[in-house]
Amino acid sequence: ILLWKIQSMENNTTTAKLYVGPMSKNIVDSTIELANELQTIITLIPSRRQVEFDGGYVNNWTTEKFMSYIKSKTNLIEVQRDHAGPGQGYKDDDGYNSLNHDCKYLDLIHIDPWVKIKDIKEGVDKTIDLIKFCHQQNPNILFEIGTEEGIRPFSLDDISYMLTRVKKELTDNIFSKIKFCVIQSGTGLKETHNTGTYDVNKLLSMVTLVKKFNLLSKEHNGDYISQKDFQSRFQNGLDAINIAPELGRLESTILYSLMNEEQKEIFFEICLESNRWRKWVNEDFIPQDNKKTLVEICGHYVLSDNKFLSLKSELGEVEGTIKEKIKAHIKKLIEWTI
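Residues numbered from 1 in each chain as written. Predicted model: local features only at pLDDT ≥ 70, side-chain atom pairs only at ≥ 80, totals over all residues. Heavy atoms only, no water.

This brings us to the environment of glutamine 80. Tracing the backbone shows glutamine 80 in strand 5 (residues 77–84). Taking the relative accessible area as the measure of exposure, glutamine 80 reaches 0% and is therefore buried. The contact partners of glutamine 80, leaving out residues within four places of it in the chain, are Tyr19, Thr43, Leu44, Ile45, Pro46, Leu108, Ile109, His110, Glu144 and Lys218. There is a polar contact of 3.3 Å between the side chain of glutamine 80 and the side chain of lysine 218. (Helix = DSSP H or I, 4+ residues; strand = E, 2+ residues; numbered from the N terminus. Buried < 20%, exposed > 50% of the residue type's maximum accessible area, 1.4 Å probe, protein only. Contact = heavy atoms within 4.5 Å. Polar contact = N/O pair within 3.5 Å; in protein donor to acceptor, adjacent residues only side chain to side chain.)

As structure tokens, this is what we get:
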């Protein structure tokens, strides 16, 4: 059981290598069941659009209700906010109201102002400000800083500048609350595949730099990666990785496979009307020519939609099948981190 965990010698704490995006209630329940079966901690990483103080697309959960649900099922699930900060929710905001709620309930917060701020100095200023705000609300909150390549590419110099300034301008106590720094090795997501070109040398240089600051390295967009490239990351020092869309696609694919042609068409139309697929495709993507792909990309966004729930009721009891396949997939990824 403990083989898939890593030991941080600097702070003598144990941390999971695989961080799971709660793309649906079934994925949340599968992760809870797996944690209970293994009797080990697993971390869920909801984005603001998935779970938010005023509700998200995952089971319409608010942050408070999401945490209440998890605590009613297990004490082995930790929760990290993924991509907290300005402009990361459905509304264009400064992110503070969301963070205020996160600090009441969550274990760890990913501070990510980079979707709106591209200038390195301004982005680091905002990172420091948001960390101070959160620490004031809850001095026990832990942090992750930096962002993924698809939001803002970071060079080694960028990360060095960020970490140097953050360490200098925060007190030692607050800096010690930073657990992860996001590193980049070329990953990117489009449709249902990883579009990046894995650069092991870039990974090595960034991992080495992060460790100099006594932090753990984490990469986002670990989805749709070959076993060889996935394992290479950990063999070369990566501490943790995020998985999310890959699990949403898995559930959508299972549901689609259980439907007849008429039901598949309805599922497609629900996904099409949601427009949630647009951010994941190129401009030349034609939905009518790629119905299954669109459902695989977008299905998890509509699982709490009343139209979909009505459609799903026609399939009978499918939760057991879905959860067993999700758990098997997560177990496989865990084995790849060893």
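Now that the structure is up, let's keep going.
Taken together, eight strands build a closed barrel; the order of strands is 3-4-5-6-7-8-11-12 and the barrel is parallel. Between one strand and the next, the sheet's axes are offset by a mean angle of 30°, whatever the strand orientation. Bridge count for strand 7 (residues 142–145) against strand 8 (residues 178–182) is three bridges, and the pairing is parallel. Residue glutamate 144 lies in a different strand from strand 8, and its bridge partner there is phenylalanine 180. (Pairing = 2+ DSSP bridges. Axes fitted to C-alpha atoms, helices over the stretch in contact; angles between N-to-C directions.)

Here we come to the environment of lysine 327. Here lysine 327 shows up in helix 13 (residues 319–337). C-alpha of lysine 327 to C-alpha of isoleucine 32: the two residues are 295 residues apart in sequence and 9.7 Å apart in space. Apart from residues no more than four positions distant in its own chain, lysine 327 is found in contact with Ser30, Glu33, Leu34 and Glu37. Separated by 3.0 Å, the side chains of lysine 327 and glutamate 33 make a polar contact.

Turning our attention to unusual backbone geometry. Of note in this structure, histidine 83 is not a glycine but carries a positive phi near 60°. Mapped onto the fold, histidine 83 is located in strand 5. In this structure histidine 83 comes out as buried when scored by relative accessible area, which is 10%. Even without being glycine, tyrosine 224 reaches a positive phi, approximately 60°.

One pass over the structure, following the stated rule, counts 25 salt bridges. Note that glutamate 37 is salt-bridged to lysine 327, the shortest N-O span being 2.7 Å. Highlighted residues: glutamate 37 in helix 1 (residues 25–38) and lysine 327 in helix 13, separated in sequence by 290 residues. The exposure class assigned to glutamate 37 is partly exposed, which follows from its relative accessible area of 47%. Among the ionic pairs, lysine 312 bridges to glutamate 319, the shortest N-O distance being 2.3 Å. By relative accessible area, which is 15% here, lysine 312 ends up buried. (Salt bridge = Lys/Arg side-chain N within 4 Å of Asp/Glu carboxyl O.)

Quick look at the packing of helix 1 against helix 2 (residues 63–73) now. Where helix 1 meets helix 2, the axes come as close as 10 Å, and the angle between the chain directions of the two elements is 30°. Helix 2 is crossed by helix 1, and the crossing has right-handed handedness. Residues Lys25, Val28, Asp29, Ile32 and Asn36 of helix 1 form the contact with helix 2, whose own contacting residues are Phe66, Tyr69, Ile70 and Lys73. (Left-handed = near helix turned anticlockwise from the far one by under 90°.)

So, on to helix 11 (residues 291–298). When helix 11 is considered as a whole, its buried residues turn out to be Leu294, Val295, Glu296, Ile297 and Cys298. Tucked into the core, helix 11 has its buried residues touching helix 9 (245–257) and helix 10 (261–274).

So, on to the side chain of glutamate 148. Tracing the sequence through the fold places glutamate 148 in the loop between strand 7 and helix 5 (156–169). The side chain of glutamate 148 sits in the buried core without any salt bridge; lysine 279 is the nearest counter-charge, 7.3 Å away. Among all residues touching glutamate 148, those that are not within four sequence positions of it are His83, Val182, Gln184, His220 and Asn221. (Lys, Arg positive; Asp, Glu negative; His and termini not counted.)

Below, the discussion takes up the packing of aromatic side chains. Two measures describe an aromatic ring pair: the distance that separates the ring centres and the angle between the ring planes. Tallied over the full model, the rule gives 10 aromatic pairs. When the ring of phenylalanine 230 is compared with that of phenylalanine 234, the centres are 5.8 Å apart and the planes differ by 40°; the resulting orientation is tilted. Of this pair, phenylalanine 230 and phenylalanine 234 both sit in helix 8 (residues 227–235), four residues apart, roughly one helical turn. Each member of the pair, phenylalanine 230 together with phenylalanine 234, is buried. Members of the aromatic cluster, joined through ring pairs, are Trp61, Phe66 and Tyr69. The aromatic ring of phenylalanine 154 is capped on one face by arginine 152, whose charged end is 4.9 Å from the ring centroid. When the ring centre of tyrosine 19 is taken as reference, the NZ or CZ atom of lysine 218 above it lies at 4.5 Å. (Phe/Tyr/Trp six-rings, centres within 6.5 Å; stacked < 30°, edge-to-face > 60°. Lys NZ or Arg CZ within 6 Å of the ring centre and 35° of its normal.)

The values are spatial; any link to function lies outside them.
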